[in-house]
Amino acid sequence: MTALSALVRRDIRIALRVGGGALIGVLFFLTVVVLMPFAVGPDLALLSRLGPAILWLGALLASLLTLDRLFMADHEDGSLDLITMSRTPLELACAAKALAHWLAAGLPLIVATPVLGLLLNLDMVATGAVALTLLAGTPALTFTGMIGAALAVTLHRGGLLMAVLVLPLSIPVLIFGVAASQAVIVGPMTFGAPFSILCALSLVSLVIGPFAAAASLRHGLD
Amino acid sequence: MTLIDLANPTRFLALTARLLPWLAAATVILLAIGLYQSASAPDDYQQGATVKIMFIHVPNAWLAMFVWGVMSIASLGTLVWRHPLADVAAKAAAPIGAAFTFLALLTGSLWGRPMWGTYWEWDARLTSVLILFLMYLGLMALWRAVDDPSRAARAAAVLTLVGAINLPIIKFSVDWWNTLHQPASVMRMGGSALDKSFLIPLLVMAIAFTLLFVTLHLAAMRNEILRRRVRSLQMMQASQKAA
């Protein structure tokens, strides 16, 4: 347990210091959202209708692009070999690393959501709904994206290939995240049903992600 | 155990060399019977002659999913049992599965033009098959991205299994998404009350296409084994030259 919490603390500290780049994700998120009005026009009514979709797409891309280096930096300085060889199960170590990544790179996205909602003409309730669905849904993105990060480090390939492999897997999260947000804004559905499925998806990926990532690290590193 | 015996590529090559002509002949005969029956099946009272696309479309769609199942079993073989031919089977199946998925999409869209009035509709079933096609292409890209086949095999095996768990979830979410967006255009075709004059040709075609897949898959596996032998011979030659 102490080993895992040490790993979490170390990863957060590295991510927040110079060269870590966790906050670049927020900057990317902001840039994507600011670009949207230039593409669809400065029509506030249209923007408030597209708002949840824009915020979710931005968060999806931001969290996947920052995941690229989840294992890569540790692989380069050799600490990934130590983690693989240590007595802590690799699955738990992977889960701890993903948790640290979510705390350092995922939570800031959710904190930034109210400000961005203002830019997209979303009211208080709608912004709250989007932030809540992001809070429930981004762990699923981090934990499925971790599989892609593990493949990236074993294959020495990153970037586009990993995005192509992982993005189809994140379609369910996107569907239910946007559905729950839209349910609050326009109805007619209830917020509860898609939101609980979103939570269920996060829990499922919490189980599958670490095992798949650990399997690909164990088989791939040599 | 036959599966263990087949772990020897030379024995596999010898066995499939004897098996393949028979399989190919059976495929051709069944395809001929199925195509004849499909062509002579009566027109549907609503859909007219376009119903005949179904005899090609449905077997393709069924194989699109079946091939991913085959790849998942092969991936288990790679990761769990370390069967030496499992990754050959997984690699050889991916392009064939992608081709079947593409043909299912293509025939579906050709049928949709006269029937629905559009080549593409964001219908739940169409969308999930399109996502399946994207995942096949991603997997093929992964195989092509790495030059060491055994390293690529394990990565592809992990991804195939994750995909096998995720595909039902994606299918279910796309169904939900579609009913949310456009509840009116849900299209039911045939249903369970399929007439015998349609059902028998369809079953014959399904078996013929499955045999076609088995034949193509075995042939592709043979090619892959030979390709790897050529590769290792070339590498040996190169290292001898260097020495």
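Residues numbered from 1 in each chain as written. Chains lettered and ligands numbered in written order. Predicted model: local features only at pLDDT ≥ 70, side-chain atom pairs only at ≥ 80, totals over all residues.

**Student:** Run through the overall build of chain B, naming residues and quoting values.
**Tutor:** Counting secondary structure elements, chain B contains seven helices and zero strands. Along its sequence from the N terminus, chain B presents helices and strands in the succession α-α-α-α-α-α-α. A buried classification covers 34% of the 243 residues belonging to chain B. Expressed as a percentage of contacts within chain B between residues at least 6 apart in sequence, the contacts between residues at least 24 apart total 80%. (Helix = DSSP H or I, 4+ residues; strand = E, 2+ residues; numbered from the N terminus. Buried ≥ 20, exposed ≤ 12 C-beta atoms within 10 Å, placed from the backbone. Contact = placed C-beta atoms within 7 Å.)

**Student:** Account for the overall build of chain A, naming residues and giving values.
**Tutor:** Looking only at helices and strands, chain A features ten helices and zero strands. The C-alpha radius of gyration of chain A comes to 18 Å, within 12% of the 17 Å expected for a compact globule of 222 residues. Counting only C-alpha atoms and orienting by the principal axes, one finds that chain A spans roughly 55 × 35 × 30 Å. Within chain A, the fraction of its 222 residues that count as buried is 48%. Considering only contacts within chain A whose residues lie at least 6 apart along the sequence, 80% involve residues at least 24 apart. (Rg over C-alpha atoms; globule rule 2.2 N^0.38 Å.)

**Student:** Outline helix H2 (residues 9-40) of chain B, listing residues and values.
**Tutor:** Residue and element names in this part refer to chain B. For H2, which comprises 32 residues, the first-to-last C-alpha distance of 44 Å matches the rise-based estimate of 46 Å (1.5 Å per residue) to within 8%. Along H2, the largest kink reaches about 35° and is centred on leucine 19; proline proline 21 follows within four residues of it. What H2 keeps buried is the set Thr27, Gly34 and Ser38. (Expected span 1.5 Å × (residues − 1). Bend = angle between axes of the 7 residues up to and from the residue.)

**Student:** Give me the lowdown on the interface of chain A and chain B, citing residues and values where you can.
**Tutor:** Taken together, the contact between chain A and chain B spans 21 residues of the former and 23 residues of the latter. When contributions to the side of chain A that touches chain B are tallied by element, the ones reaching two or more residues are helix H7 (124-155), helix H8 (160-166), helix H9 (171-185) and helix H10 (192-220) of chain A. Top contributing element to the side of chain A that touches chain B by residue count: H10 of chain A, with six residues. Its residues assigned to classes, the side of chain A that touches chain B shows 16 nonpolar, four polar and one charged. (Nonpolar A, V, L, I, M, F, W, Y, C, P; charged D, E, K, R; others polar.)

**Student:** Provide a residue-level description of unusual backbone geometry, including the pertinent values.
**Tutor:** All names here are of chain A. Despite not being glycine, asparagine 121 shows a phi value in the positive range, around 65°. Residue position: asparagine 121 is located in the loop between helix H6 (90-119) and H7. We classify asparagine 121 as partly exposed; it has 17 C-beta atoms within 10 Å.

**Student:** I'd like a rundown of the nonpolar core, residues and numbers included.
**Tutor:** Note that soluble globular proteins tend to have their nonpolar side chains buried in a common cluster. Among the nonpolar cores identified, the biggest contains 128 residues, and Met146 and Leu151 of chain A together with Ala90 of chain B are the most heavily contacted of them. The leading source of residues in this core is H7 of chain A, at 17 residues. When neighbours within four sequence positions are excluded, methionine 146 of chain A is seen to be in contact with Leu67, Leu70, Cys94, Ala98, Gly209 and Ala213 of chain A. (Core = buried A, V, L, I, M, F, W, Y, C linked by C-beta atoms within 7 Å.)

**Student:** An account of the packing of helix H3 (residues 44-67) of chain A against H7 of chain A is needed here, citing residue identities and associated values.
**Tutor:** Residues and elements named next belong to chain A. Viewed as axis vectors pointing N to C, H3 and H7 meet at an angle of 30°, and their least axial separation amounts to 9 Å. By the angle between their axes, H3 is roughly parallel relative to H7. Considering only the axes of H3 and H7, their crossing is right-handed. Along the contact surface, H3 presents Gly51, Pro52, Leu55, Ala59, Leu60, Ser63, Leu64 and Leu67, while H7 presents Ala126, Val130, Leu134, Thr138, Leu141, Thr142, Gly145, Met146, Gly148 and Ala149. Tallied by class, the residues present in the contact of H3 with H7 amount to twelve nonpolar, six polar and no charged. (Axes fitted to C-alpha atoms, helices over the stretch in contact; angles between N-to-C directions. Parallel < 35°, antiparallel > 145°, perpendicular 65-115°, else oblique. Left-handed = near helix turned anticlockwise from the far one by under 90°.)

**Student:** How would you sum up the packing of H6 of chain A against H10 of chain A? Please name residues and give values.
**Tutor:** All names here are of chain A. Close contact between H6 and H10 brings their axes to 8 Å; oriented N to C, the two are set at 115°. Read as a crossing pair, H6 and H10 show a hand that is right-handed. Along the contact surface, H6 presents Leu90, Glu91, Cys94, Ala95 and Ala98, while H10 presents Gly209, Pro210, Phe211, Ala213, Ala214, Leu217 and Arg218. Taken together, the residues that form the contact of H6 with H10 break down as nine nonpolar, one polar and two charged.

**Student:** Could you give an account of the confidence of the model for chain B, with specific residues and numbers?
**Tutor:** Residue and element names in this part refer to chain B. Averaged over every residue, the pLDDT of chain B is 82; residues scoring 70 or more account for 88%. Contacts from residues 182-192, a stretch scored under 50 in pLDDT, to residues over four places away or in other chains number three contacts. Per the prediction output, this complex has pTM 0.85; the corresponding ipTM is 0.83. (pLDDT = per-residue confidence, 0-100.)

**Student:** Got a sec to walk through H10 of chain A? Specific residues and values, please.
**Tutor:** Its 29 residues place the ends of H10 of chain A 41 Å apart at the C-alpha level, agreeing with the 42 Å of an ideal helix rising 1.5 Å per residue. Largest kink in H10 of chain A: about 25°, centred on serine 205 of chain A.

**Student:** Let's hear about the environment of isoleucine 83 of chain A: which residues, and what values?
**Tutor:** Here isoleucine 83 of chain A lies in helix H5 (residues 79-85). Setting aside residues no more than four positions away along its own chain, isoleucine 83 of chain A makes contact with Asp74 and Ala93 of chain A.

**Student:** Which residues make up the environment of alanine 61 of chain B, and what are the values?
**Tutor:** Residues and elements named next belong to chain B. Topologically, alanine 61 is positioned in helix H3 (residues 53-81). For the pair alanine 61 and threonine 101, spaced 40 residues apart in the sequence, the C-alpha separation amounts to 6.3 Å. Excluding residues that lie within four positions of it along the chain, alanine 61 makes contacts with Ala104 and Val129.

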